[in-house]
Amino acid sequence: MKRNAVLVLLCLGVVLGLTSCGAGSGGPSAADAAKLVAEADAELLALSNQAGQAQWIAATYITQDTEAISASLTEKAIQAGVKYAKLAAKFDGVTVPPDVARKLKLLKNGLVVAAPGDPKLSAELTKITSGMEAHYGRAKYCPTADNCQDIGQLGKTFAESRDAAKLLDAWKGWHATAKPIRADYVKYLSLANQGARELGFKDSGAMWRSKYDMEPDAFAKEVDRLWEQVKPLYVSLHAYVRNRLRAQYGEQVVPADGPIPAHLLGNMWAQSWDNLYPILAPPKADPGYDLTEILKARKATAEQMTRMGESMYLSLGFSPLPKTFWERSMLTKPRDREVVCHASAWDVDNVDDLRIKMCIEPTGEDFFTIHHELGHSYYQRAYNKQPFLFRDSANDGFHEAIGDTVQLSMTPEYLVKIGLLKSLPPESADVGVLMKRALEKVAFLPFGLMIDQWRWKVFSGEIKPEQMNATWWELRKKYQGVAAPLARTEEDFDPGAKYHVPASVPYTRYFLAHLLQFQFHRALAEKAGCKQPLYRCSVYGNKEAGKAFEEMLAKGASQPWPETLRLLTGKSEIDATAVVDYFAPLKKWLDEQNAGKPTGW
Ligand code: X8Z
Ligand code: ZN
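Residues numbered from 1 in each chain as written. Chains lettered and ligands numbered in written order. Predicted model: local features only at pLDDT ≥ 70, side-chain atom pairs only at ≥ 80, totals over all residues. Heavy atoms only, no water.

A word on the overall build of the protein chain. Counting its regular elements, the protein chain contains 25 helices and 6 strands. Relative to the 2.2 N^0.38 estimate, which gives 25 Å for 601 residues, the radius of gyration of the protein chain is 24 Å and therefore close to what a compact globule would have. Reported as C-alpha extents along the three principal axes, the dimensions of the protein chain are approximately 85 × 55 × 45 Å. For the protein chain, the residues scored as buried account for 57% of the 601 residues in total. Sequence-distant contacts, at least 24 apart, represent 77% of the contacts inside the protein chain between residues at least 6 apart. Just so you have it, the protein chain exposes about 24300 Å², and 53% of that area is on carbon and sulfur atoms. A distance of 1 Å separates the average location of the 73 positive side-chain charges in the protein chain from that of its 71 negative side-chain charges. (Helix = DSSP H or I, 4+ residues; strand = E, 2+ residues; numbered from the N terminus. Rg over C-alpha atoms; globule rule 2.2 N^0.38 Å. Buried < 20%, exposed > 50% of the residue type's maximum accessible area, 1.4 Å probe, protein only. Contact = heavy atoms within 4.5 Å. Areas by Shrake-Rupley, 256 points an atom, 1.4 Å probe, with all protein chains shown as cover. Lys, Arg positive; Asp, Glu negative; His and termini not counted. Charge placed at Lys NZ, Arg CZ, Asp CG, Glu CD.)

Mapping His372 onto the fold places it in helix H15 (residues 364–382). A residue is classified by how much of its surface remains accessible, and His372, at 12% relative accessible area, is buried.

Let's shift gears to the pattern of salt bridges. What the rule picks out here adds up to 34 salt bridges. A salt bridge links Asp404 to Lys441, with the nearest nitrogen and oxygen atoms 3.8 Å apart. Highlighted residues: Asp404 in helix H16 (residues 396–407) and Lys441 in helix H18 (residues 430–441), separated in sequence by 37 residues. (Salt bridge = Lys/Arg side-chain N within 4 Å of Asp/Glu carboxyl O.)

Consecutive side chains along a regular strand alternate between the two faces of the sheet. Burial along strand S5 (residues 354–357) is two-sided: the face carrying Leu354 and Ile356 and the face carrying Arg355 and Lys357 are both buried. Taken together, the 4 bridges between strand S4 (residues 344–347) and S5 define a ladder with antiparallel strand orientation. Counterpart to Ser344 in the pairing with S5 is Lys357. The antiparallel hairpin formed by S4 and S5 contains 6 residues in its connecting segment, where Asn350 sits at a positive phi of about 60°. (Pairing = 2+ DSSP bridges.)

Turning our eyes to something else, we now look at helix H20 (residues 468–480). The end-to-end C-alpha separation of H20 is 18 Å, in line with the 18 Å expected for 13 residues at 1.5 Å each. Listed in full, the buried residues belonging to H20 are Met468, Asn469, Thr471, Trp472, Trp473, Leu475, Arg476, Tyr479 and Gln480. Its buried side turned inward, H20 meets helix H7 (164–176), helix H8 (182–198), helix H10 (216–249), helix H19 (444–460) and strand S6 (482–483). (Expected span 1.5 Å × (residues − 1).)

Note on the zinc ion (ligand 2): its protein donors are His372 (NE2), His376 (NE2) and Glu400 (OE). The metal-donor distances range over 2.0 to 2.1 Å. Classification of the site at the zinc ion (ligand 2) as tetrahedral follows from its 4 donor atoms and the range of 92 to 129° in their angles at the metal. All donors of the zinc ion (ligand 2) belong to a single chain; written as a sequence motif, their spacing is H-x3-H-x23-E. Of this pair, His372 sits in helix H15 while Glu400 sits in helix H16, placing them 28 residues apart in sequence. Since its relative accessible area comes to 5%, Glu400 is described here as buried. (Donors = N, O, S within 2.8 Å, 3.2 Å for Na, K, Ca; no water. Tetrahedral: all angles 85-135°; square planar, octahedral: opposite > 155°, others 65-115°.)

Before going further, it helps to spend a moment on the environment of Gln271. Its location among the elements puts Gln271 in the loop between strand S3 (260–261) and helix H11 (277–280). Separated by 128 residues in sequence, Gln271 and Pro143 have C-alpha atoms that sit 24 Å apart. Leave out the neighbours within four places in its chain, and Gln271 touches Ala443, Phe444, Phe447, Gln480, Lys498 and Tyr507.

Surrounding ligand 1, one finds Gln271, His342, Ala343, His372, Glu373, His376, Glu400, Phe444, Lys498, His500, Tyr507 and Tyr510. Between ligand 1 and Tyr507 there is a distance of 2.5 Å, counted from an oxygen atom to a side-chain nitrogen or oxygen. One of the side-chain N or O atoms of Tyr510 is found 3.3 Å from an oxygen atom in ligand 1. Out of a free accessible area of 370 Å², ligand 1 has 84% covered by protein chains. Counting residues per element, the shell around ligand 1 draws most heavily on H15, at 3 residues. Per-class residue counts for the shell around ligand 1 are 4 nonpolar, 5 polar and 3 charged. (Near = heavy atom within 4 Å. Polar contact = N/O pair within 3.5 Å; in protein donor to acceptor, adjacent residues only side chain to side chain. Nonpolar A, V, L, I, M, F, W, Y, C, P; charged D, E, K, R; others polar.)

What follows concerns the packing of helix H2 (residues 30–60) against helix H4 (residues 98–109). Between two packed helices, the angle of one axis relative to the other and the distance separating the axes together describe the packing. Contact geometry for H2 and H4: axes closest at 10 Å, N-to-C directions at 50°. Taken together, H2 and H4 sit at an angle that is classed as oblique. Handedness of the H2/H4 crossing: left-handed. Contacts between H2 and H4 involve Ala33, Ala34, Leu36, Val37, Ala40 and Leu44 on the former and, on the latter, Val100, Lys103, Leu104 and Leu107. Of the residues contributing to the contact of H2 with H4, the split by class is 9 nonpolar, no polar and 1 charged. (Axes fitted to C-alpha atoms, helices over the stretch in contact; angles between N-to-C directions. Parallel < 35°, antiparallel > 145°, perpendicular 65-115°, else oblique. Left-handed = near helix turned anticlockwise from the far one by under 90°.)

The next subject is the packing of H10 against helix H21 (residues 508–527). At a closest axis distance of 11 Å, the pairing of H10 and H21 adopts a crossing angle of 50°. Overall, the two elements H10 and H21 adopt an arrangement that is oblique. When you trace H10 past H21, the crossing you get is left-handed. Contacts from Phe219, Val223, Leu226, Trp227 and Val230 in H10 reach Thr508, Phe511, Leu512 and Leu515 in H21. Of the residues assigned to the contact of H10 with H21, the class counts are 8 nonpolar, 1 polar and no charged.

This paragraph deals with the nonpolar core. Core analysis: the biggest nonpolar cluster contains 172 residues, and Tyr188, Leu237, Val241, Trp454, Phe520 and Phe583 have the highest contact counts within it. For this core, the leading source of residues is H10, giving 13 residues. When residues no more than four places from it in sequence are discounted, the contact partners of Trp454 are Tyr185, Ile463, Met468, Thr471, Trp472, Leu475, Phe493, Pro495 and Val501. If you look at the next biggest cluster of nonpolar residues, it comprises 21 residues, including Leu44, Leu73, Ala80 and Phe91. (Core = buried A, V, L, I, M, F, W, Y, C linked by side-chain atoms within 4.5 Å.)

Moving on, we come to the state of the cysteines. This model, assessed by the stated rule, comprises 3 disulfides. With a sulfur-sulfur separation of 2.0 Å, Cys341 is cross-linked through a disulfide to Cys359. Disulfide Cys341-Cys359: torsion about the S-S bond near -85°, hence left-handed. One end of the pair, Cys341, is in the loop between helix H14 (323–328) and S4; the other, Cys359, is in the loop between S5 and H15, with 18 residues separating them in the sequence. (Disulfide = S-S within 2.5 Å.)

Our next topic: H18. Look at H18: 16 Å from first C-alpha to last across 12 residues, which is about the 16 Å you get at 1.5 Å a residue. Taking burial as the measure, the 12 residues of H18 include 11 buried ones, the bulk of the element. Those residues of H18 that sit buried are Asp430, Val431, Gly432, Val433, Leu434, Met435, Arg437, Ala438, Leu439, Glu440 and Lys441.

Laid out in structure tokens, this is it:
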């Protein structure tokens, strides 16, 4: 095997003009392609596992050393990815079997960060990316020298406090922590773009958009189309929330018809607003329970909450998590070292070394996030029998949508079934239940969209480095209808205060996921024979729905995502009507409340 693989590489050297393969070897053949993808599969798996181990340690024990080791092993994996992307491109136009063609395609556009060929620049790029993530992990706002707050503590302030001055202070303090990485980010942009261009992409943004089984420009249009479908729902929610916040904070603070100040929405980034539910609840339709209070009253531990999450998946017919998951995961924030608390799910050996890294607190929000993370874990496991190159989601939106789909089954009825809630709220509370969900999921939609609208333009150069902060706020206004609560300048780097920017994680995936999850939920509810309105359907305990779900997950990245989508839903297009239909009763209610008042900004 290995010998053959080496031969392939030597022969491909001809194509690359690097070496000679002897007379009469001709152009690259289908057999060469098959050998190349086999070689790539094995080598990239080994390098991914090594990088995964180093990254795990770097994220759960931030030190200069772990950061350096992680950067170095990540660089090795990226360089091999770049090497194979270049080799794969040599087969453009060669007729090969479909699975080989798919693998060549994934090799060509699979990288998120492409390193430039120049070893010095490649090392610099990975050093910067590891450094920015570690900076984010370590960041703290210290109002006084002996009171330093991390994002977990600041997040709690946003969840609980309704004191505008306190919120403003927390907002300002956290956003200031990103200023020092602004220069690094600019350097990162140019190095990452150089790497992407060496692979034939216009820039890194075009490389990110190339991963959706369609032309990058067509994908951008598709995203715009989907946003137009859901925008009216968002605008109704926004107008209602703005009115209620005006009543809460006063007319001086919240305008009647302009954007909402970003520090008042219950979340550091104003991305989800469900923490505001207590002050936004429809007066006559409140279901009257608060998951955070219930979990706190029970003194639920991080492990117990995770096991409850696992039970949900078990009820659908998924297998128990491996013993090592419980031994190796980081479920709580360690007291004695710096870690990256931002929740994530890992598959360190790309087979069954599944782990979650999260700083769990007993809150409803974290309980939901656990289910999100476990969605990743069960996806990772479902596709682990595929060749390594196919061990990924159909597209990145799918990966983010699985756990969220399960969240949609966490209805009041489900909470009663698992004993977290004593009795079922009356049907008259449906609007309240929907409101809570909309504050989480509908509020998120424009945020999920705008981050990469900004990054795509920053990568393409349409946004210049000296306009990075101002354009960030232009887009936040355009899509979300929120505004910075304080004057901003180009000294600031507010995008850097959101994890996925310094960590270089593409974000459109979450926008897609927030549409796909409603489509998946609709399909699963149908399979489970649920005849109620979709928001009351839970597939908890339904093995048939679970089986259909797992079958889709098991496909991994082996085929274009529209085919995988069709497998579960019967449709091969992302369809925003699922989310619009789900929230239709709430939309009606919101529009009644908004009657005669301004909407939009
Ligand atoms: O980053 C996440 C997950 C890990 S993939 C916790 N999410 C986005 C965010 O927090 O910004 C989930 C929803 C959006
Ligand atoms: Zn996720």
